[in-house]
Amino acid sequence: LPQTVRPSLTQLEARDVPATFYVDPSLFAASDGTPQTFNAGKANQQAGLTYGSTSATPGAVLFSSFTEAFKKSEASVGADTILLADGKIAADNSASVYRVTQDLTIQGSGKEVSTLIPTNDNTSYDPGLGASDVGLFEATGGINFNAMQFGLDGGGKKIGIGFYVEGSKGNFDNVSLANIVYDNLGTTIYGNKSATITVTNSAVAQYGREGVTLFDSIGNISNTVFIGIGTNNGNNRVNYGVQYQGGSSGTLLQNTFADNRAITNANENSAGVLLSQQGTSPNVSIIENGFINNAIGVLVGTNRGNDNSVAVLRKNSFLISNDFGVVARNNVEVDAKYNYWGASNGPNDVSVNGLNAINPYGQGTGVDSFVNWSFYYKTVPSKAVAQEFAVASIDGSKQISLQSSSNSFAPRGIFVPFGGAYKGAINVASGDFNGDGVADIVVSKGAGASSDDVVQIFDGTNANIIAQFSVFGDATYKGGVSIALGDVNGDGKADLIVAPQTSGGPSVRIFNAADFSILRDFYALEGATSFTGGLTVASADVDSDGYSDIVIGAGSKGNSRVQVISGRDVTTLAPVTPTLGYNPYSDFSAFENGFTGPVYVTAGDFDGDGRADLAISAGAGGGGRYRAYTSRVDGRLGGLIVDQVALGYSGTGGVSISARDINGDNRADITVGFLNVQGDSKVRSNYAVNLINDLTPVAGDYYPGTNGVMVG
């Protein structure tokens, strides 16, 4: 070829597309330019890669030195990736820190598998105020820097900041960051000057001062554990898991903050989270985090002057060994409604270390006097009491009773609703409708030729009728009415929730217990008005916000679909449109796709964590099967804890299901009623301790009837 068109080696090396470089220290003695295998014998090994001892080696993509791979990346143009082999890898900062000037991803094999360790001390500690060599890594200039699936350990070296991000995006996922200390200071991640920091699924531990610091930046952190230095640091320094300064903002979601309680002085106290004004003020949402053994869980404001920091706290737990849960300084107002403080009857006013605070019963969960606080719950039971459940015969005898373990499951009174003329099926639910502390009973008619849309509500103390009315206003309706009771509007009385049982669109209507007015009328299943198989309904406080939420089960041909909808949303918000429902917490199929029959739903706190969990049973064709799921702090579906067939089940009608605290241990138990059987109709209960452990039925009762029973 003529010289003018023959490509040179230099031209071949030039790139404007992203490349991947590999770092494997085990190849230290390999020859330049030879093919080698990265991470040999591991799941992510790569064979046939050109090895180079320095970044100048032509064509090399595999290096034994992290520094050489980094130099190679910085010399190119493009959003490169550096992959780390398993084991400890030296980060040689003897000549300079790692200054990242273009988009870069560093990725290892796992946060406990691949670990970078600096070789030298940094020359200074100056958190982003102009000094050089501040962080081991420095990302500036509006780039994207990603750190994934590896660890960074200070290794005893003086490292002021692990990762310094200025005016750029720093994304940290599944990383382990430890021992970033410079004398009595040290910050693992520092976001400065309009940086955006995201940290997920990570662990940050033994930091000199702060785990993560944000200054005039955005910081969103979730599912990450921050473990401070504890009290054993030997220096007069404080610890903060996360610190928001200046005009920073962001969200802390489902993190854990522990052992931030290092030595304090008159002006500073260690805390899991600190918000402090410097020029402008931070604004942060703190949601569903756990605080354990901190001097202060959340500290808003400092002693250095007036502070306008804004903090909103929801569903956080300050239960274990925090000296103070939340402290607000310089008259900062903190919105801390619906959190868990660890005392059932409220906190006491005390003065601790000169701070005016309230500290609940020695639980170590104090709350400062400027904090607007409340419990997860509007009420907390002071004494465990065995609850009753209602049983209704679904054959022509139509008998209703209330039963509990306190009287060996013997019915407490038997009565017949709807007079003597009606001989069809009956649905039943129980709850405190009139607010007297005793479970009342609501009954409706099942589907059938003699059915209608009338419900009756009976006083649980004397079986007198509290109310009787038509719920749909349709005298021709014969499809049965699904019913539930739950305090949807948070007034202390169980409101009535109804839906068509076997026919009609997925319409849900809620009646106010106070005056029987309609609180809300909306569609479930996201407005799927073409679905006409009916619904089942239940209600309990799944997200622990003081409002009973609504559980929806699909009827026939609904593929066992279940939805959980926020009671607070239903009470305070209009539906998305007049024909659509609300965005659900959860939406899932409870059983395999092959089962299309109806499902029955209930909810109660099976595991004792203060949140109502879900239980679903299969109706006709489901073989007596039922399942139970835990719920998460955000109201969404947790894990499956029960999947079994009701002991002794026979027949084809499936089982109805109810969740009540049968044995008075402050945990809901499962009761099932056999449907459409011949002979005596069986009711079975499982105590929660056995429900979660060995699933042994510990109580049973046989109720007269020939066609099954409904429980509620």
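Residues numbered from 1 in each chain as written. Predicted model: local features only at pLDDT ≥ 70, side-chain atom pairs only at ≥ 80, totals over all residues. Heavy atoms only, no water.

A.B. asks: Now, about the overall build of the protein chain: what can you tell me, with residues and values included?
C.D. replies: Looking only at helices and strands, one finds 4 helices and 60 strands in the protein chain. Each of the 712 residues in the protein chain was classed as buried or not, and the buried ones make up 55%. Put simply, of all contacts in the protein chain between residues at least 6 apart along the chain, 63% involve residues at least 24 apart. (Helix = DSSP H or I, 4+ residues; strand = E, 2+ residues; numbered from the N terminus. Buried < 20%, exposed > 50% of the residue type's maximum accessible area, 1.4 Å probe, protein only. Contact = heavy atoms within 4.5 Å.)

A.B. asks: Go over the pairing of strand E20 (residues 218-222) with me, naming the residues and quoting the values.
C.D. replies: With 5 bridges joining them, strand E17 (residues 196-200) and E20 adopt parallel strand pairing. For Ile197, the partnering residue across the bridge sits in E20 and is Gly219. Taken together, the 3 bridges between E20 and strand E23 (residues 249-253) define a ladder with parallel strand orientation. Directly across from Ile221, in E23, lies its bridge partner Leu252. (Pairing = 2+ DSSP bridges.)

A.B. asks: Break down unusual backbone geometry for me, citing the residues and quoting the values.
C.D. replies: With a phi angle near 60°, Asn179 is a residue other than glycine that sits in the positive phi range. Mapped onto the elements, Asn179 comes out in the loop between strand E15 (176-178) and strand E16 (187-192). Residue Asp259 is not a glycine yet carries a positive backbone phi of 60°.

A.B. asks: How would you explain the sheet that holds strand E54 (residues 625-631) if you had to name every residue and give the values?
C.D. replies: Judged by pairing direction, the sheet is antiparallel, and its 4 strands sit side by side in the order E52-E53-E54-E55 without closing on themselves. For this open sheet the edge positions go to strand E52 (599-604) and strand E55 (637-645), each flanked by a neighbour on one side alone. When strand polarity is set aside, the average angle formed by the axes of neighbouring strands in this sheet is 20°. As paired strands, strand E53 (residues 613-618) and E54 are joined by 4 bridges and run antiparallel to one another. Bridge pairing in E54 places Ile616 opposite Arg627. (Axes fitted to C-alpha atoms, helices over the stretch in contact; angles between N-to-C directions.)

A.B. asks: For the nonpolar core, give the residues involved together with the corresponding values.
C.D. replies: The biggest cluster of nonpolar side chains holds 61 residues, and the ones touching the most others in it are Phe66, Phe145 and Phe172. Residues within four places of Phe172 in sequence aside, it is in contact with Phe145, Ala147, Phe163, Val165, Ile189, Ile197, Thr198, Val199, Thr200 and Ser202. (Core = buried A, V, L, I, M, F, W, Y, C linked by side-chain atoms within 4.5 Å.)

A.B. asks: Please provide a residue-by-residue account of the sheet that holds strand E41 (residues 440-445), values included.
C.D. replies: Pairing is antiparallel across the open sheet formed by 4 strands, whose spatial order is E40-E41-E42-E43. With partners counted over all chains shown, the strands left at the sheet margins are strand E40 (426-431) and strand E43 (465-470), one partner each. Strand after strand, the sheet turns through a mean of 15° between neighbouring axes, direction not considered. Pairing geometry for strand E42 (residues 454-458) and E43, over 5 bridges, is antiparallel.

A.B. asks: I'd love a proper account of helix H2 (residues 66-75), names of residues and values included.
C.D. replies: The buried fraction of H2 amounts to 7 of the 10 residues, a majority that puts the element mostly inside the structure. For H2, the full list of buried residues reads Phe66, Thr67, Glu68, Ala69, Phe70, Lys72 and Ser73.

A.B. asks: I'd like a rundown of the pairing of strand E13 (residues 161-166), residues and numbers included.
C.D. replies: For E13, the buried fraction is high: 5 of the 6 residues fall into the buried class. Here 5 bridges tie strand E10 (residues 135-140) to E13, and the two strands are oriented parallel to one another. Within the sheet, the bridge partner assigned to Thr140 lies in E13 and is Glu166. Relative to E16, E13 runs parallel, the two sharing 5 bridges. Counted as the bridge partner of Tyr164 is Tyr190 from E16.

A.B. asks: Pulling in residues and values, what's your account of the side chain of Ser202?
C.D. replies: Take Ser202: it is sitting in the loop between E17 and strand E18 (203-205). In contact with Ser202, other than residues within four places in its own chain, are Lys111, Phe172, Asp173, Asn174, Val175, Asn223, Thr224 and Val225.

A.B. asks: A description of the pattern of salt bridges should follow, citing residues and the corresponding values.
C.D. replies: For the coordinates displayed, the defined rule picks out 8 salt bridges. Between Arg509 and Asp521 there is a salt bridge; the shortest N-O distance is 2.6 Å. A residue pair is termed long-range when its members are at least 10 positions apart, and Arg509 in strand E46 (residues 507-511) and Asp521 in strand E47 (residues 518-523) qualify at 12 residues. The closest approach of N and O atoms between Asp643 and Arg625, which form a salt bridge, is 2.9 Å. Within this pair, whereas Asp643 is found in strand E55, its partner Arg625 is found in strand E54, the two being separated by 18 residues in sequence. Here the salt bridges share partners, and the residues they tie into one network are Arg625, Arg627 and Asp643. (Salt bridge = Lys/Arg side-chain N within 4 Å of Asp/Glu carboxyl O.)

A.B. asks: Hey, could you go over the packing of aromatic side chains for me, with residue numbers and the actual values?
C.D. replies: Inspection of every chain in the model, using the stated rule, returns 20 aromatic pairs. Each ring, one from Phe588 and one from Tyr629, has its centre 5.3 Å from the other, and the planes form 65°; the classification is edge-to-face. Taken together, the positions of Phe588 in strand E51 (residues 586-589) and Tyr629 in strand E54 put the pair 41 residues apart, joining distant regions of the chain. A residue is classified by how much of its surface remains accessible, and Phe588, at 12% relative accessible area, is buried. Given the relative accessible area of 8%, Tyr629 is considered buried. (Phe/Tyr/Trp six-rings, centres within 6.5 Å; stacked < 30°, edge-to-face > 60°.)

A.B. asks: Before we move on, can you summarise the confidence of the model for the protein chain with the specific residues and values?
C.D. replies: With 72% of its residues at a pLDDT of 70 or more, the protein chain has an overall mean of 75. Low pLDDT, under 50, characterises residues 375-386; the stretch is placed with 37 contacts to residues that sit more than four places away or in other chains. In the model, residues 403-411 has pLDDT below 50 throughout and makes 26 contacts with residues more than four positions away in sequence or in other chains. (pLDDT = per-residue confidence, 0-100.)

A.B. asks: Give a detailed account of the environment of Ile82, specifying residues and quantitative values.
C.D. replies: With respect to the element layout, Ile82 can be found in strand E5 (residues 80-84). For Ile82, the residues in contact, after removing those within four places along its chain, are Phe21, Val23, Phe66, Ala69, Phe70, Ser73, Leu104, Thr105, Ile106 and Gln107.

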